[in-house]
Amino acid sequence: MRKKIVAGNWKMNLNRTESIQLVSEISKEIKDIKIGNNRIIVAPVSVNLAAVVENQGNDKKIEYASQNMHFAEKGAYTGEVSAGILKGINVNITLLGHSERREYFKEDDVLLKQKVDAAIANEIEIIFCFGEKLEDRESENHFKIVESQIKNALFHLKESDWSKIVLAYEPVWAIGTGKTATPEQAQEMHAFIRNLVKENYHNNVAENVSILYGGSVKPANAQEIFGKPDVDGGLIGGAALKADMFAEIIRAMK
Ligand code: 13P
């Protein structure tokens, strides 16, 4: 059975001290929440990852992810981080394909496929992000765009690789805008995505993959969005930077 996940993408926010502080505040806020099979993940700025992992102590409720990863094992790639480097600090999860990486750093499907392969080869779990822009939705191309983003980067994978894949649908027009997809729009797209996976693999792959929604998720709308049958949690930006809000969103994951 697939897991529910609430993941916080901190983007380029918080220094080392603030990162450690936020993790400790979140830990306090969620102390009494029964997580069970569900998962909580946070993705700090990469230079602060080692510090938060080392500070974690025995509290294993929160898992840590990188926001990005390079496809090469090592070499002349100034400013980049490899799978091996992440594993060296006990980070075994990475986001890939976030719309900000696609938009500002020109990451395309070909590059993302290479990154996906590198992560899989190194047994790094991938939270694979994708989603349409406003103009794609307005021209009713959103299903086509999402289908090509997923197909081009993921559908060459073996069925067994899918145990390392989490999908995150983030419509670009809903990111940081305060404008969320309605729960119905999210459900419609998530059901479409699950069906794509089913058609290309098997029903059990589709049923086991967690599909997160991201884009202006807040305590006020989390419960309704997460209540939809094909929405398995969320990838949270702004609201993940406040411990009380993040904890409330975690509580919305039943
Ligand atoms: P917001 O929650 O700030 O809209 O950001 C969503 C996001 O981009 C998470 O990756």
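See the structure printed just above.
Residues numbered from 1 in each chain as written. Predicted model: local features only at pLDDT ≥ 70, side-chain atom pairs only at ≥ 80, totals over all residues. Heavy atoms only, no water.

Student: Could you give me a rundown of the site of the ligand, with the residues and numbers involved?
Tutor: Of all residues adjacent to the ligand, which total 13 residues, the nearest are Lys11, His98, Glu170, Gly176 and Ser216. Separating an oxygen atom of the ligand from a side-chain N or O atom of Lys11 is a distance of 2.8 Å. A per-class count over the shell around the ligand returns four nonpolar, seven polar and two charged. (Near = heavy atom within 4 Å. Polar contact = N/O pair within 3.5 Å; in protein donor to acceptor, adjacent residues only side chain to side chain. Nonpolar A, V, L, I, M, F, W, Y, C, P; charged D, E, K, R; others polar.)

Student: For the side chain of Gln56, give the residues involved together with the corresponding values.
Tutor: By the element assignment, Gln56 lies in the loop between α2 (46–55) and β3 (62–64). Among the residues examined, Gln56 registers a relative accessible area of 15% and is labelled buried. Polar side-chain contacts of Gln56 include one of 2.7 Å to the backbone oxygen of Ile62. With sequence-adjacent residues up to four places away left out, Gln56 is seen in contact with Ile62 and Tyr64. (Helix = DSSP H or I, 4+ residues; strand = E, 2+ residues; numbered from the N terminus. Buried < 20%, exposed > 50% of the residue type's maximum accessible area, 1.4 Å probe, protein only. Contact = heavy atoms within 4.5 Å.)

Student: Lay out unusual backbone geometry with the relevant residues and their values.
Tutor: Non-glycine residue Lys11 carries a positive phi angle of around 50°. Looking at the secondary structure, you find Lys11 in the loop between β1 (5–9) and α1 (16–29). For Lys11, a relative accessible area of 22% puts it in the partly exposed group. In this structure, Asn90 is a non-glycine residue whose phi angle is positive, near 65°. Checked against the element boundaries, Asn90 lands in the loop between α3 (83–88) and β4 (93–96).

Student: Please set out the pattern of salt bridges residue by residue, giving values where relevant.
Tutor: If you walk through the whole model with that rule in mind, you get 15 salt bridges. Notably, a salt bridge pairs Arg194 with Asp232, separated by 2.8 Å at the nearest N-O pair. A residue pair is termed long-range when its members are at least 10 positions apart, and Arg194 in helix α8 (residues 183–200) and Asp232 in the loop between α10 (219–226) and β8 (233–236) qualify at 38 residues. Taken as a pair, Arg194 and Asp232 share a single burial class, namely buried. The network of salt bridges with shared partners includes Arg2, Arg194, Glu207, Asp230 and Asp232. (Salt bridge = Lys/Arg side-chain N within 4 Å of Asp/Glu carboxyl O.)

Student: Before we move on, can you summarise the packing of α10 against helix α11 (residues 243–251) with the specific residues and values?
Tutor: Between α10 and α11, the least distance of the axes is 8 Å, while the angle of their chain directions is 20°. Regarding the angle of α10 to α11, the classification is roughly parallel. The two elements α10 and α11 meet at a crossing, and its hand is right-handed. On the side of α10, the interface is formed by Pro219, Ala222 and Phe226, while α11 contributes Met245, Glu248 and Ile249. By residue class, the composition of the contact of α10 with α11 is five nonpolar, no polar and one charged. (Axes fitted to C-alpha atoms, helices over the stretch in contact; angles between N-to-C directions. Parallel < 35°, antiparallel > 145°, perpendicular 65-115°, else oblique. Left-handed = near helix turned anticlockwise from the far one by under 90°.)

The values reported here are purely geometric and, on their own, carry no functional implication.
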